[in-house]
Amino acid sequence: MKSFLAGFFAEARILARARAVGLALVALAAAALFALHAGAGRVASQQAVVAAARAEEAQRLDGLKTSLARLESGATQEEPPPYRDPRNAVFMGAGPAARVAALAPQPLALVAVGQSDLLSAVIRVTSGSKDAFLFADEIENPALLSSGATDLAFIVVHVYPLVILALAFNLLAGEREQGTLVMTLAAARRPGAALAGKLAARLVAPIAIMLLATALGIGLFAGWDALASASFLRLVAVILVYGLFWAALAAAVDGLGQSSAFNALTLIGAWVALALLAPAGINSLAAFVYPAPSRIDMTLAARAAATDADKSRDAMLARYVEEHAGQKPAGAREGTLRRLATQEAAFERVEGVIAAHDAALSRQRALVDRLSFLSPTLLAYGALADVAGAGEARYRDFLDRLSAFHLDWRAFFLTRAKAGQAMTAADYDALPRFAETPAPESAVGSALLGMALPTLLLAFLAWRGFRRVARPEPRGAKRPRPR
């Protein structure tokens, strides 16, 4: 232990005198704090949108109840048009009485954007087909989406490893090239422990700075209570294990006994392959094996299906008028039934388009999940998104519950419309509500295991390499010349 501590503090003093190391650590901490500050602003914006949507819903429904009361009491003599008549179930369910289905941000939502820039957190559910409300709003500026958001997850999965590699890539190679490795080994009572202490000093600094900056940023921007949550512990575990993976990789490459240039090129190549190429390659492979239309194509197809249903209704109506020339036009009751039939046809067509798209997308996601163990970056990002409540699983659960609520909403209004019942005050009080269930606990165990296993393997390889360097040489054997 004395040799370990001696090596640790000796290396720590060397690092403290290196300005470049200090600047790198300060830049890492500043980037993490900036990302969390930006995330806090994004979360505040989402919370404001949800609050405004709920306030608008309450005001709108109160207005409908007031109009209904005036009509029923005879205070309003003028008959409103059907689309403004609060008694008309067909039109009220299709928009004016729409309920808000919201996905409120989680306490650590500032950590990762995840799926929140692709799917709206507030959706006004109507009795029409899903294309009428699911794709009604522009989520974000496409220019901003193309450049991506700066969040803590981006800093952790891309910037954080670079700082670790920059500090740990040449512990042995650097000392060997400077001619100090032999003296270091000779001065230590236990050379292996001394080298381990020097390596630990280089690895503790970036990992500790990253964890401290994360804790400070979350405490400042999300509240200090968030530090006592289980989600924060999961966040710490992900950052720690992910950092250890890159540290073990750097130590394993350094243990090969090659030059600093070789180590730097090898580790940069590994970072490019694991952090950039592997995620893109896995996503491209999944899209190639299980092709699915893009979100835009799916939206256009859904809207085309609804338009086709409207055209079919118009064609049937024109043919009916042509074949029954001279007869009186259909009454309001028959018109309502025709409108409902058209809505039903559009609903079936749009559901078919969305179901086909979702099925192909599910197969893609399943393949990506299986292959993500080839890239610790994918595992780390997915785990961070889950901790933030912006992961794929939470949004899939939200969409599933939204689909179930949509069916309930349609049944509530269409049953009354088909029966010719007028909406009453009791009906407005009994409007279905979207169940806002608590967010499921994020499961990061598989991601941690997927990162820990290669970390252990690399740590073993690093141990062998460092042990080979620190092993006492047999008597009479020549010590290799420093490269």
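Thresholds applied
- Residues numbered from 1 in each chain as written.
- Predicted model: local features only at pLDDT ≥ 70, side-chain atom pairs only at ≥ 80, totals over all residues.
- Heavy atoms only, no water.
- Core = buried A, V, L, I, M, F, W, Y, C linked by side-chain atoms within 4.5 Å.
- Buried < 20%, exposed > 50% of the residue type's maximum accessible area, 1.4 Å probe, protein only.
- Helix = DSSP H or I, 4+ residues; strand = E, 2+ residues; numbered from the N terminus.
- Contact = heavy atoms within 4.5 Å.
- Pairing = 2+ DSSP bridges.
- Phe/Tyr/Trp six-rings, centres within 6.5 Å; stacked < 30°, edge-to-face > 60°.
- Salt bridge = Lys/Arg side-chain N within 4 Å of Asp/Glu carboxyl O.
- Patch = residues over 30% accessible without salt bridge, like charges linked within 9 Å, V, L, I, M, F, W, Y side chains within 5 Å.
- Areas by Shrake-Rupley, 256 points an atom, 1.4 Å probe, with all protein chains shown as cover.

### Overview of the nonpolar core
- Formed by 75 residues in total, the largest nonpolar core has its most connected members in Val111, Tyr160, Met210 and Trp246.
- In terms of residues, this core owes the most to one element, helix α9 (residues 230–254), which gives 15 residues.
- For Tyr160, the contacting residues outside a window of four places in its chain are Leu28, Ile155, Pro206, Ile207, Met210, Ile239, Tyr242 and Gly243.
- With 30 residues, the next largest nonpolar core counts Leu64, Phe133, Phe405 and Ala417 among its residues.

### Thoughts on the pairing of strand β1 (residues 99–102)
- The two faces of β1 match: Arg99 and Ala101 on one face and Val100 and Ala102 on the other face are all buried.
- Pairing geometry for β1 and strand β2 (residues 122–125), over four bridges, is antiparallel. Note that in β2 the partner of Arg99 across the bridge is Val125.

### A look at the packing of aromatic side chains
- What the rule picks out here adds up to 10 aromatic pairs.
- With a centroid separation of 5.3 Å and 80° between ring planes, the pair formed by Phe245 and Trp246 is classed as edge-to-face. One exposure class covers both Phe245 and Trp246, and it is buried.
- Following the ring pairs from residue to residue traces out a cluster consisting of Phe398, Phe405, Trp409, Phe412, Phe413 and Phe434.

### Thoughts on the pattern of salt bridges
- For the structure shown, the criterion picks out 11 salt bridges.
- Taking the shortest distance from any N to any O, the salt bridge between Arg87 and Glu79 comes out at 2.7 Å.
- Under the relative-accessibility criterion, Arg87 is labelled partly exposed at 23%.
- Residues joined in a network through salt bridges with shared partners are Glu11, Glu175, Lys198 and Arg202.

### Describing a nonpolar patch on the surface
- Among the surface-exposed residues, Leu216, Leu220, Phe221 and Trp224 lie close enough to one another that they form a single nonpolar patch of about 400 Å² accessible area.
- Mapped onto the secondary structure, Leu216 falls in helix α8 (residues 191–222).

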